[in-house]
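# Breakdown of the fold
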Amino acid sequence: MTTAALPRSASAAGGGTLTGTGHLVRLALRRDRLMLPLWIVVIAGLPMASVGAYEELYPNPAQRAALTTSLGDNPSIALLYGPAHDLSTAGGFTAWRFGTMLSVFLALVCVFTMVRHTRQEEDTGRQELLSSTVVGRQAPLTASLVVSAGFALLTGIATAGALIAGGLDTAGSFVFGLGLAAVALVFTGIAAITAQLAEYSRTANGLAGAALGVAFALRAVGDAADVTWLSWLSPIGWASQARAFVGDRFWVFTIPLLVTGVLVAVAYALQRRRDVGLGLMPSSLGPATAGQRLRTAFALSTRLHKGTLTGWVAGFALLSVLFGALAADIGDIVGDNDQMREMLARMGGSQGVIDAYLASSAGVLGMVAALFVVQAAVRMRSEETGLRAEPLLTTGVSRLRWIAGHLVFVFGGGVALMLVAGLGMGLAHGVRVGDVAGQTPDVLLACLVQLPAVFVVAGVAVVLFGILPSYTAGAWAVAAVLLLLSMFGPVLDLSQAVLNLSPFQHVPKVPSVEVTATPMVWLTLAAVALTAAGIARFRSRDIG
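Summarised in this report is the structure supplied together with it.

## A word on the environment of Leu153
Here Leu153 lies in helix 8 (residues 139-165). Taking the relative accessible area as the measure of exposure, Leu153 reaches 39% and is therefore partly exposed. Residues Leu153 and Gly179, spaced 26 residues apart in sequence, show a C-alpha to C-alpha distance of 9.9 Å. When near neighbours in sequence (up to four residues on either side) are disregarded, Leu153 contacts Ala181 and Leu185.

Shown next, in the form of structure tokens:
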């Protein structure tokens, strides 16, 4: 093939540093044409649906006043959701209930999108190939910023429009929507920086995710301890301080805009200091000769997964303690609200409000653990497309040994997370009620019974990897839908038939009810069948 007609760089063709940006934007949008619109619909639709649910759950002013009083003075609630400025209106309740969580979700999507179209493109070698043509030096970063920032803004505007269509105040709706977008813009800038610092996409995602965790922790401590200045240090806190439907402080958004501008400028400055494919923090070279403990397929899998699993375990420990600390206050929060009791019963059983809350929290933690097993399973596909699996499989390592090494962390990692969740939530709740020995075993069991459902999600990821490898990433969509269904389905009063689509709906609602083996056996068999089908197909299909 003749290549003389193709210029080696944008400068060779007389172009500038932004040459080809439009083409890269269209390429990124084509690749994300399914996932990004789906996230817009989900994020914009949840707050709108909650407006009607609020009217049904709290139909009279007395209940709404009691809700504001009980939640506004509860530091455990503030840890998770932020300050309850005013829950006497549907708008104020929606901003409090969904603001923090949706801003974190949107920020994560923007982080993954940003890294996907920058650092991951360099990991796979595609960016070097594109850079050899008429593509400017700053075009890839600029195109990724346009796509991620545009997605964040479009999601914020769509959310505002949905709330307005639901009958809420226009100004408050835009403050809420722009608050979500503002948080996502800041973390888009942070991801742009980590993509320049890290040599691999997983490291860039990890660094940006750690920054998001720090921001959440600052806001949580600041709101729970009523240390306002600490909340102002967090981008997530800025969205809360904009006070959607309770003052509508548009001026707050000047802070995230300025911070995002600075972060983007730093990202461009860092980009000019490195070569394509390399990071400013390159990974250190290992020893020339591997030790005996690093000469097996399982040892390689351990090295690949241990960092990610460690981070997830630490996050689960913190999250489970927060859930456990809140359990003792759930009775005061619910009060005599029959609708709230019914919602908790649908999520976690009907034998006592606290038991129902613990069961529902265990289900949510199980769904979050399902996100880890998907991430671990998708890593197999990354090794394959990154051309690291094929050379290994040409040696004495069989396909079965290779995939088995990864599956140990897919399924074993899920077990580790649920063990940590059960111990953390059980100990925190036991300390609050003064009965550690009596509460911890029940809560631990409530978390462990989630494992068959977690394994079903893992099985879906494995079967996609084995049978439809190009669609392995679709496991993320499955896990995300199930997570949102488990967390918000009962709040939105979805029918039981819809809720039953989630495998977590069939798990015994311990400690509200006794453990029944039948649904767990069926879920386990389904997980085994899916995993076996994926392994069998992987052993016979082409690699790549």
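That shown, we press on.
## Describing the environment of Phe298
Structurally, the position occupied by Phe298 is in helix 14 (residues 297-327). Residue class for Phe298 comes out partly exposed when judged on its relative accessible area of 42%. Sequence spacing of Phe298 and Leu407 is 109 residues, and the spatial spacing of their C-alpha atoms is 9.8 Å. Ignoring sequence-local partners within four residues, the contact set of Phe298 consists of Gly405, Val408 and Phe409.

## Here's the deal with the packing of helix 19 (residues 399-433) against helix 24 (residues 517-538)
Their axes nearest at 10 Å, the elements helix 19 and helix 24 cross at an angle of 150°. By the criterion of interaxial angle, the relationship of helix 19 to helix 24 is roughly antiparallel. Of the two elements, helix 19 crosses helix 24, and the hand of that crossing is right-handed. Listed contacts from helix 24 to Arg399, Leu400, Trp402, Ile403, Leu407 and Phe411 of helix 19 are Thr531, Ile535 and Phe538.

## A look at the packing of aromatic side chains
Enumeration over the complete set of coordinates arrives at 11 aromatic pairs. Between Trp312 and Phe372 the ring centres are 5.7 Å apart and the planes differ by 65°, which places this aromatic pair in the edge-to-face class. Of this pair, Trp312 sits in helix 14 while Phe372 sits in helix 17 (residues 353-385); the two residues are 60 residues apart in sequence, bridging distant segments of the chain. By relative accessible area, Trp312 is classed as partly exposed at 21%. Take Phe372: its relative accessible area is 2%, and that puts it in the buried class. The ring of Phe216 has Arg219 sitting right over it, with the charged end atom 4.8 Å from the ring centre. The ring of Phe538 carries the charged tip of Arg399 above its face, separated from the ring centre by 5.6 Å.

## Digging into the environment of Leu427
Among the secondary structure elements, Leu427 is positioned in helix 19. Note: C-alpha distance between Leu427 and Gln439 (12 residues apart in sequence) is 7.5 Å. Setting aside chain neighbours within four positions, we find Leu427 in contact with Val436 and Thr440.

## Observations concerning helix 13 (residues 254-271)
Under the 1.5 Å per step criterion, the end-to-end length of helix 13 is 26 Å for 18 residues, consistent within 8% with the ideal 26 Å. Considered for burial, the residues of helix 13 that qualify are Pro256, Thr260, Leu263, Val264, Ala267, Tyr268, Leu270 and Gln271. Looking straight down helix 13, one finds that the buried residues subtend no more than 160° of arc, so they occupy a single side. Set apart from the buried face of helix 13 by more than 90 degrees, the exposed residues are Leu258 and Val262. On the buried face of helix 13, the contacting elements are helix 8, helix 9 (170-197) and helix 12 (235-241).

## Notes on helix 8
Taking 1.5 Å of rise per residue, the 27 residues of helix 8 would be expected to cover 39 Å, and the 38 Å separating its terminal C-alpha atoms lies within 8% of that figure. A positive phi of about 100° marks Gly167, the residue just after helix 8.

## Some points on the side chain of Gln138
Relative to the assigned elements, Gln138 resides in the loop between helix 7 (126-131) and helix 8. The class for Gln138 is buried, based on a relative accessible area of 16%. Ignoring anything within four residues of it in the chain, the contact list for Gln138 reads Thr17, Leu18, Tyr268, Gln271 and Arg272.

## Some remarks on the side chain of Arg119
On the secondary structure map, Arg119 appears in helix 6 (residues 119-123). Arg119 sits in the buried class, given a relative accessible area of 0%. At a separation of 3.0 Å, a polar atom in the side chain of Arg119 contacts the main-chain carbonyl oxygen of Ala195. If sequence neighbours within four positions are ignored, Arg119 has contacts with Ala195, Gln196, Ala198, Glu199, Tyr200, Ser201, Ala204, Arg274, Gly277, Leu278 and Gly279.

## Description of the pattern of salt bridges
All told, the structure shown has 10 salt bridges when counted by the stated rule. Residue Arg116 is joined to Asp32 by a salt bridge in which the shortest nitrogen-to-oxygen separation is 3.1 Å. In this pair, Arg116 sits in helix 5 (residues 90-116) while Asp32 sits in the loop between helix 1 (21-31) and helix 2 (35-57), placing the two residues 84 residues apart along the sequence. Connected through salt bridges with shared partners, the residues Arg31, Glu121 and Arg126 form a single ionic network.

## Some details on the packing of helix 9 against helix 13
Axis separation between helix 9 and helix 13 bottoms out at 8 Å; the angle between their running directions is 15°. Looking at the two axes, helix 9 sits roughly parallel to helix 13. The interaxial crossing formed by helix 9 with helix 13 has left-handed handedness. On helix 13, the residues touching Ala182, Leu185, Val186, Gly189, Ile190, Ala192, Ile193, Gln196 and Leu197 of helix 9 are Pro256, Leu257, Val259, Thr260, Leu263, Val266, Ala267, Leu270 and Gln271. Classifying every residue of the contact of helix 9 with helix 13 by side-chain character gives 14 nonpolar, 4 polar and no charged.

## Some words on unusual backbone geometry
Look at Phe245: it is not a glycine, yet its phi comes out positive at around 65°. Of note, Phe245 is situated in the loop between helix 12 and helix 13. Among the residues examined, Phe245 registers a relative accessible area of 15% and is labelled buried. A positive phi angle, close to 50°, is found at Asp248, a residue other than glycine. Relative to the helices and strands, Asp248 resides in the loop between helix 12 and helix 13.

## Description of a nonpolar patch on the surface
Residues Ile157, Ile164, Phe174 and Phe250 make up a contiguous nonpolar surface patch of roughly 320 Å² in combined accessible area. Following the sequence through the fold, Phe174 ends up in helix 9. Taking the relative accessible area as the measure of exposure, Phe174 reaches 31% and is therefore partly exposed.

Parameters and conventions
Residues numbered from 1 in each chain as written. Predicted model: local features only at pLDDT ≥ 70, side-chain atom pairs only at ≥ 80, totals over all residues. Heavy atoms only, no water. Helix = DSSP H or I, 4+ residues; strand = E, 2+ residues; numbered from the N terminus. Buried < 20%, exposed > 50% of the residue type's maximum accessible area, 1.4 Å probe, protein only. Contact = heavy atoms within 4.5 Å. Axes fitted to C-alpha atoms, helices over the stretch in contact; angles between N-to-C directions. Parallel < 35°, antiparallel > 145°, perpendicular 65-115°, else oblique. Left-handed = near helix turned anticlockwise from the far one by under 90°. Phe/Tyr/Trp six-rings, centres within 6.5 Å; stacked < 30°, edge-to-face > 60°. Lys NZ or Arg CZ within 6 Å of the ring centre and 35° of its normal. Expected span 1.5 Å × (residues − 1). Arc of directions from axis to C-beta. Polar contact = N/O pair within 3.5 Å; in protein donor to acceptor, adjacent residues only side chain to side chain. Salt bridge = Lys/Arg side-chain N within 4 Å of Asp/Glu carboxyl O. Nonpolar A, V, L, I, M, F, W, Y, C, P; charged D, E, K, R; others polar. Patch = residues over 30% accessible without salt bridge, like charges linked within 9 Å, V, L, I, M, F, W, Y side chains within 5 Å. Areas by Shrake-Rupley, 256 points an atom, 1.4 Å probe, with all protein chains shown as cover.

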